[in-house]
Amino acid sequence: MSRRTAWVLGSLVGAALLALLVNAAVHSLNRHAGADQGGSLDIAKPSLLNQAMARVQDAARSQLPTSPSGLESNSLTPARFDQVKPLLGQAEARLIGIYQLISQGQHREALALADQLVNDHPNFQLAHLVHGDLLSLQARPVRQLGDVPDTKALAASQQLSTLREESRRRLLALTERPPEGSIPSQFLTLASQSRHAIAIDASRSRLYLFENLNPARSSPADDRQPRLKLVGDFYISVGLSGIEKAVEGDKRTPLGVYYITSTLNPADLPDLYGVGALPINYPNPLDVQRGKTGSGIWLHGTPSDQFVRAPQASDGCVVLSNPDLERLLRTVQIRTTPVVIAPQLQWVQPDALSSDRQQFESVLEAWRRSRSDGNLAELKGFYSSRFSNQGRDLAQWWPRVEIELRSTGARELAIKDLSVLRWNDTDDTRVVTFGEVAAGQTRGVTKRQYWIRENDRWTIFFEGTIG
């Protein structure tokens, strides 16, 4: 994109876009910097632009979902931004640094950094728009929010609306933060084999990458409290028609608990998918139970002419900028990395999950004892009448269990490397992955079970082995 084009785009969106993106910095710095820094910043009396920014922040906060998320509202002071900055994509962090310079009236310094940013990322539309606005400010004052001719604003109304929504979501990601040490409530426990985990909040267009700090456990009695460290926080795009995928071609992103199944070589993919792709196991057994269809849901990058996509723009995949996807590709492992996709994440402290975790693990332990004892009648009581495995119902699948247990007889079985992920919507379900190892052996099989709470009882509606 040329400098002339950037100027035109900047004049089209002008102060409206800039206000949406930097209002947190301006409003927070003007009101809170003195208290947080033990002093004050040399900021001029708020201009009409600054006042407009403050109003936009209030409007953005009013659009927060009403259900509790567990996030904390924070002012975007320099100190707090320094804490968040290592988690963000580099381009997004640089853009926020530009906003902070603008908030302090350092327009020339901001313009110099914006010039570098658009040179480094010529397809980053938001950066170009801010750059164009800064160029406009060199020629005339900005008198009001959206100070552009009506004819130009109307010509770009759809683009402006989309960018405003992207801007609002970026803003909320910076001013509404997970409390220190908190985790998404889906992660009841995570085995050390899952070195990383991913949680996606569709309402905020954010993907959170965690490092699993849980050590390998030597016995089933070891503490299973999850210990996750947030190491990445990225803007993402979801389906053109939103979330809650149900059928093939509906252009929606699925909701649920999934696992990364493979990695795809960008050389084998069209340019649409950017630097690569990480497929997930949609439809999972819960999706199949519910009659959902479709396939080919990936985490992937962007085409070469785009830095990011609009908040809702994909055919159902989760789309990141190419630099952010490259970080995922370098970090996560296939088959062991869980991916939670939620309409809105709920953040909790790990100990808040203890009761739920212990209650479910007592049921799992009862299942293990029945299987170890070879008690077929008792064991069958743990399986749902809705059970299905590759098209086989419980009556068709159960004879294989009977043959296996009669062959081996009673033998002590251990559950190792246990992961339990919770999914609550219209049903209360658990996705359970573990190694099943017989006494005296060092290796066993890795199983994955899907449990559902029916009539106040936990039952299994899917069970299978994974590689």
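The coordinates are above.
Some points on the environment of G374
- Of note, G374 is situated in the loop between helix 11 (354-373) and helix 12 (376-380).
- Look at G374 and you get partly exposed, because its relative accessible area is 27%.

Topic: the nonpolar core
- Formed by 74 residues in total, the largest nonpolar core has its most connected members in I198, L328, W367, Y383 and W451.
- Ignoring sequence-local partners within four residues, the contact set of L328 consists of I198, L207, L209, F234, L278, L299 and L320.

Examining the sheet that holds strand 11 (residues 298-300)
- The sheet built from 3 strands is open, its strands ordered 10-11-13 with mixed pairing. Of all the strands in the sheet, just strand 10 (277-279) and strand 13 (318-319) have a single pairing partner and so form its edges.
- Bridging between strand 10 and strand 11 involves 3 bridges; their strand directions are antiparallel. In the sheet register, A277 faces strand 11, and the bridge partner there is H300.

Describing the sheet that holds strand 19 (residues 428-438)
- Ordered by their spatial adjacency, 5 strands build an open sheet running 4-18-19-20-21, and the pairing between neighbours is antiparallel. With one partner strand each, in any of the chains shown, strand 4 (187-189) and strand 21 (457-466) form the two edges of the open sheet. Across the sheet, the axes of successive neighbouring strands diverge by a mean angle of 20°, strand direction being ignored.
- Taken together, the 9 bridges between strand 20 (residues 445-454) and strand 21 define a ladder with antiparallel strand orientation. When the sheet's bridge partners are listed, K447 is paired in strand 21 with T465.
- Packed on one face of the sheet, helix 11 meets strand 4, strand 18 (413-424), strand 19, strand 20 and strand 21 and runs near 140° to strand 18.

Remarks on the pattern of salt bridges
- Throughout the structure, instances matching the rule amount to 24 salt bridges.
- Its salt-bridge partner being D427, residue R290 comes within 3.1 Å of it at the nearest N-O pair. A residue pair is termed long-range when its members are at least 10 positions apart, and R290 in the loop between helix 9 (285-289) and strand 11 and D427 in the loop between strand 18 and strand 19 qualify at 137 residues.
- The class of R290 is partly exposed, set by a relative accessible area of 30%.
- Under the relative-accessibility criterion, D427 is labelled partly exposed at 22%.

Here we look at the packing of helix 4 (residues 90-103) against helix 5 (residues 107-120)
- One can describe the packing of helix 4 onto helix 5 by two numbers: an axis separation of 8 Å at closest approach and a directional angle of 160°. In terms of orientation, helix 4 lies roughly antiparallel with respect to helix 5. The crossing of helix 4 and helix 5 is left-handed. Along the contact surface, helix 4 presents A91, R94, L95, I98, L101 and I102, while helix 5 presents H107, E109, A110, L113, A114, Q116, L117 and D120.

A look at helix 13 (residues 394-408)
- Here helix 13 is 15 residues long and its end C-alpha atoms lie 21 Å apart, about the 21 Å a rise of 1.5 Å per residue gives.
- Residues L394, W397, W398, V401 and L405 constitute the buried set of helix 13. For helix 13, the buried positions fall inside an angular range of 105° around the axis, keeping them on one side. Exposed residues pointing more than 90 degrees away from the buried face of helix 13 are listed as R400, I403, R406 and S407.
- Its side-chain oxygen at 3.2 Å from the backbone nitrogen of A395, D393 defines the N-terminal cap of helix 13.
- Where helix 13 ends, the next residue or the one after it, G409, has phi of about 70°, a positive value.

What about the environment of R94?
- Locating R94 in the fold gives a position in helix 4.
- Separated by 22 residues in sequence, R94 and Q116 have C-alpha atoms that sit 9.8 Å apart.
- A polar atom in the side chain of R94 sits 2.8 Å from the side chain of D120.

Quick word on the packing of aromatic side chains
- All told, the structure shown has 17 aromatic pairs when counted by the stated rule.
- Note on Y383 and W398: the rings are 5.5 Å apart at their centroids and 65° apart in plane angle, and the pair reads as edge-to-face. Of the two residues, Y383 is situated in the loop between helix 12 and strand 16 (388-389) and W398 in helix 13; the sequence distance between them amounts to 15 residues. Summarising the burial analysis for this pair, Y383 and W398 share the class buried.
- Joined through ring pairs, the aromatic side chains of F187, Y208, F210 and W347 make up one cluster.
- Over the ring of Y235 we find R170, and its NZ or CZ is 4.4 Å from the ring centre.
- Across the ring face of Y259, the terminal group of R448 is positioned such that the distance to the ring centre comes to 3.8 Å.

Reading the values: the criteria
- Residues numbered from 1 in each chain as written.
- Predicted model: local features only at pLDDT ≥ 70, side-chain atom pairs only at ≥ 80, totals over all residues.
- Heavy atoms only, no water.
- Helix = DSSP H or I, 4+ residues; strand = E, 2+ residues; numbered from the N terminus.
- Buried < 20%, exposed > 50% of the residue type's maximum accessible area, 1.4 Å probe, protein only.
- Core = buried A, V, L, I, M, F, W, Y, C linked by side-chain atoms within 4.5 Å.
- Contact = heavy atoms within 4.5 Å.
- Pairing = 2+ DSSP bridges.
- Axes fitted to C-alpha atoms, helices over the stretch in contact; angles between N-to-C directions.
- Salt bridge = Lys/Arg side-chain N within 4 Å of Asp/Glu carboxyl O.
- Parallel < 35°, antiparallel > 145°, perpendicular 65-115°, else oblique.
- Left-handed = near helix turned anticlockwise from the far one by under 90°.
- Expected span 1.5 Å × (residues − 1).
- Arc of directions from axis to C-beta.
- Polar contact = N/O pair within 3.5 Å; in protein donor to acceptor, adjacent residues only side chain to side chain.
- Phe/Tyr/Trp six-rings, centres within 6.5 Å; stacked < 30°, edge-to-face > 60°.
- Lys NZ or Arg CZ within 6 Å of the ring centre and 35° of its normal.

Purely geometric stuff here, so don't read any function into it on its own.
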